[in-house]
Amino acid sequence: MLQGITSEAFILGCSAIGAGLAMIAGIGPGIGQGHAAGRGAEAVGRQPEAQADIVRTMLLGQAVAETTGIYGLIIAIILLFVRPLLTAYLNLGL
């Protein structure tokens, strides 16, 4: 099944798959931020006098939610461009 595929190519392929899976982490923050923004707009509509508090709390929550997407992006970039798995394999000297 894996005949003709070098170890380096296999490791790079697995790194690409891992990077793609890491980017799936961006779906959660997108859904969460959209939900928070919708609820924030709804809350401001019900209590316009509390707009400053609502917006501040909503933006803080969105900033915290965005960190998971950023972490996934950083992991994907590391897997694609730094290639730690391939470097570790080549250092083994197998």
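Conventions we followed
- Residues numbered from 1 in each chain as written.
- Predicted model: local features only at pLDDT ≥ 70, side-chain atom pairs only at ≥ 80, totals over all residues.
- Heavy atoms only, no water.
- Helix = DSSP H or I, 4+ residues; strand = E, 2+ residues; numbered from the N terminus.
- Buried < 20%, exposed > 50% of the residue type's maximum accessible area, 1.4 Å probe, protein only.
- Patch = residues over 30% accessible without salt bridge, like charges linked within 9 Å, V, L, I, M, F, W, Y side chains within 5 Å.
- Areas by Shrake-Rupley, 256 points an atom, 1.4 Å probe, with all protein chains shown as cover.
- Salt bridge = Lys/Arg side-chain N within 4 Å of Asp/Glu carboxyl O.
- UniProt positions renumbered as here; feature names shortened; annotations may be inferred.
- Expected span 1.5 Å × (residues − 1).
- Arc of directions from axis to C-beta.
- Contact = heavy atoms within 4.5 Å.

Draft legend 1. Spatial organisation of the environment of Gly-40. By the element assignment, Gly-40 lies in helix α2 (residues 27-46). On the basis of relative accessibility, which here comes to 10%, the residue Gly-40 falls in the buried class. Taking the C-alpha atoms as reference points, Gly-40 and Val-82, separated by 42 residues in sequence, lie 40 Å from one another.

Draft legend 2. Spatial organisation of a nonpolar patch on the surface. Together, Met-23, Ile-70, Leu-73, Ile-74, Ile-75, Ile-77, Ile-78, Leu-80, Phe-81 and Val-82 give the surface a local cluster of nonpolar side chains, amounting to about 890 Å² of exposed area. In this structure, Met-23 sits in helix α1 (residues 7-23).

Draft legend 3. A look at the pattern of salt bridges. Taken as a whole and judged by the stated rule, the model has 3 salt bridges. The partner of Glu-42 in a salt bridge is Arg-39, and the shortest N-O contact between them spans 3.8 Å. Highlighted residues: Glu-42 and Arg-39, both in helix α2, separated by 3 residues, approximately one helical turn. Residue class for Glu-42 comes out partly exposed when judged on its relative accessible area of 40%. The partner of Asp-53 in a salt bridge is Arg-56, with the nearest N and O atoms 2.7 Å apart. Linking Asp-53 with Arg-56, this pair stays in helix α3 (residues 51-82), spanning 3 residues, or about one helical turn.

Draft legend 4. Expanded view of unusual backbone geometry. Even without being a glycine, Arg-83 presents a positive backbone phi close to 55°. Relative to the helices and strands, Arg-83 is located in the loop between α3 and α4 (84-92).

Draft legend 5. Representation of the UniProt feature "transmembrane region" (unreviewed entry) in the protein. UniProt records the feature "transmembrane region" (unreviewed entry) for residues 9-31 and 70-92 in the present numbering. Helix makes up 96% of residues 70-92 and strand 0%, whereas the separation of the span's terminal C-alpha atoms amounts to 31 Å.

Draft legend 6. Structural detail: the UniProt feature "domain: V-ATPase proteolipid subunit C-like" (unreviewed entry) in the protein. Per the UniProt record, the feature "domain: V-ATPase proteolipid subunit C-like" (unreviewed entry) sits at residues 17-79. As a span, residues 17-79 carries 89% helix and 0% strand, and end to end its C-alpha atoms are 9 Å apart.

Draft legend 7. Summary view of α1. Counted at 1.5 Å a residue, the expected span for α1 with its 17 residues is 24 Å, and the 24 Å between its end C-alpha atoms agrees. All buried positions along α1 are accounted for by Ile-11, Ser-15, Ala-19 and Ala-22. One side of α1 holds all its buried residues, which, seen down the axis, span an arc of 80°. Residues of α1 that are exposed and angled more than 90 degrees away from the buried face: Ile-17 and Leu-21. Next to the buried residues of α1 lie α3 and α4.

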